[in-house]
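Listed below are the residues making up each chain.
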Amino acid sequence: EEPVVLQCISNTVGGSLVGNARWTGVPLSSLLAAAAPDVGARMVVARAADGYAETIPLAGGAPDRVLVAFAMDGQVLPEGHGFPARLIFPGRYGVRSVKWLTELEVIAGDDEGYWEKRGWDRQAIVGTASRIDVPQHRAVTTSPLLVAGVAWAGDRRISAVEVSADDGATWIPAELERE
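Residues numbered from 1 in each chain as written. Predicted model: local features only at pLDDT ≥ 70, side-chain atom pairs only at ≥ 80, totals over all residues. Heavy atoms only, no water.

Engineer: So what exactly am I meant to see when it comes to the environment of R65 here?
Structural biologist: Relative to the helices and strands, R65 resides in helix 2 (residues 62-65). Looking at R65, the relative accessible area reads 27%, which means it is partly exposed. Contact partners of R65, with chain neighbours within four places excluded, come to I88, F89, P90, G91, R92 and D155. At 2.8 Å, the side chain of R65 and the backbone oxygen of P90 are in polar contact. (Helix = DSSP H or I, 4+ residues; strand = E, 2+ residues; numbered from the N terminus. Buried < 20%, exposed > 50% of the residue type's maximum accessible area, 1.4 Å probe, protein only. Contact = heavy atoms within 4.5 Å. Polar contact = N/O pair within 3.5 Å; in protein donor to acceptor, adjacent residues only side chain to side chain.)

The structure is reproduced here in structure tokens:
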């Protein structure tokens, strides 16, 4: 099990295309160890039922971080989130976490995933981001003002958050809750 924040690469500032869950599955590295790929193997191609495909290089430790998930928050993986199995690639945008997984193929050559073939970033590392949830946008407020929200940084930790009520002239440290 691993708690992971997933964010869509097209999520806008303050957008809702982000969420977190506790994913249950098998590390891709364990599956690869059991399959014992040839010495010349360079990549894993993950294919989905809808024709989508992504590639994961074997070098650099990526398979150690990728999970082939079959459950989400203690329940069987819902269809909308990739049933029967999906990849979870912590610290990467959702484009790297293939849903509706049907095949994993180890190849000796070099290949690109769906979005890389269209010029997108191969790494797709999630940037540091935050969102204010309280008060709601354009809500009438009173003093003292409670501000609450979430912050995330892919697979990196958030060590501090600051809030400005004067368009960035001054900043106030926020009190962080537990993850």
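Engineer: What is the right way to read the nonpolar core from this model?
Structural biologist: A general tendency of soluble globular proteins is for nonpolar side chains to be buried together. Of all hydrophobic cores here, the largest spans 21 residues; its most connected members are L28, I56, V66, V68, L87, V98 and L101. Taken together, the elements giving at least two residues each to this core come down to helix 1 (28-35) and strand 3 (43-48). Looking at this core element by element, the count peaks at 3 residues for strand 3. When near neighbours in sequence (up to four residues on either side) are disregarded, L87 contacts A46, I56, V66, L67, V68, R96, S97, V98, L101 and L104. Listed in part, the 9 residues of the second largest apolar core include L6, A21, A69 and L77. (Core = buried A, V, L, I, M, F, W, Y, C linked by side-chain atoms within 4.5 Å.)

Engineer: When you look at the packing of aromatic side chains in this model, what are you seeing that I'm missing?
Structural biologist: Throughout the structure, instances matching the rule amount to 3 aromatic pairs. An angle of 45° between the planes, with centres 5.5 Å apart, marks the rings of Y52 and Y114 as tilted. Placement of Y52 in the loop between strand 3 and strand 4 (53-57) and of Y114 in the loop between strand 8 (101-107) and strand 9 (129-134) is noted, with a sequence separation of 62 residues between them. Look at Y114 and you get partly exposed, because its relative accessible area is 32%. Where W115 meets W120, the ring centres are 4.6 Å apart and the plane angle is 50°; that geometry is what we call tilted. Since its relative accessible area comes to 27%, W115 is described here as partly exposed. Since its relative accessible area comes to 36%, W120 is described here as partly exposed. Lying across the ring of Y114, R118 places its NZ or CZ 3.6 Å from the centre. (Phe/Tyr/Trp six-rings, centres within 6.5 Å; stacked < 30°, edge-to-face > 60°. Lys NZ or Arg CZ within 6 Å of the ring centre and 35° of its normal.)

Engineer: How should the pattern of salt bridges be read in this particular structure?
Structural biologist: One side chain can pair with another of opposite charge once the charged atoms of both are near each other. Tallied over the entire structure, the rule returns 7 salt bridges. Across the salt bridge formed by R47 and E103, the nearest N and O atoms sit 3.3 Å from each other. Taken together, the residues R47 in strand 3 and E103 in strand 8 connect sequence positions 56 residues apart. With a relative accessible area of 27%, R47 lands in the partly exposed category. In this structure E103 comes out as partly exposed when scored by relative accessible area, which is 37%. A salt bridge links E54 to R96; its shortest N-O distance comes to 2.4 Å. (Salt bridge = Lys/Arg side-chain N within 4 Å of Asp/Glu carboxyl O.)

Engineer: What am I meant to see in the pairing of strand 2 (residues 18-27) here?
Structural biologist: On a regular strand, one side chain projects to one face of the sheet and the next to the other, so that they alternate. Note that strand 1 (residues 2-7) and strand 2 share 6 bridges and pair antiparallel. Across the sheet, the residue bridging to V5 is N20, located in strand 2. Bridging between strand 2 and strand 5 (residues 67-72) involves 5 bridges; their strand directions are antiparallel. Bridged to W23 within strand 5 is M72. (Pairing = 2+ DSSP bridges.)

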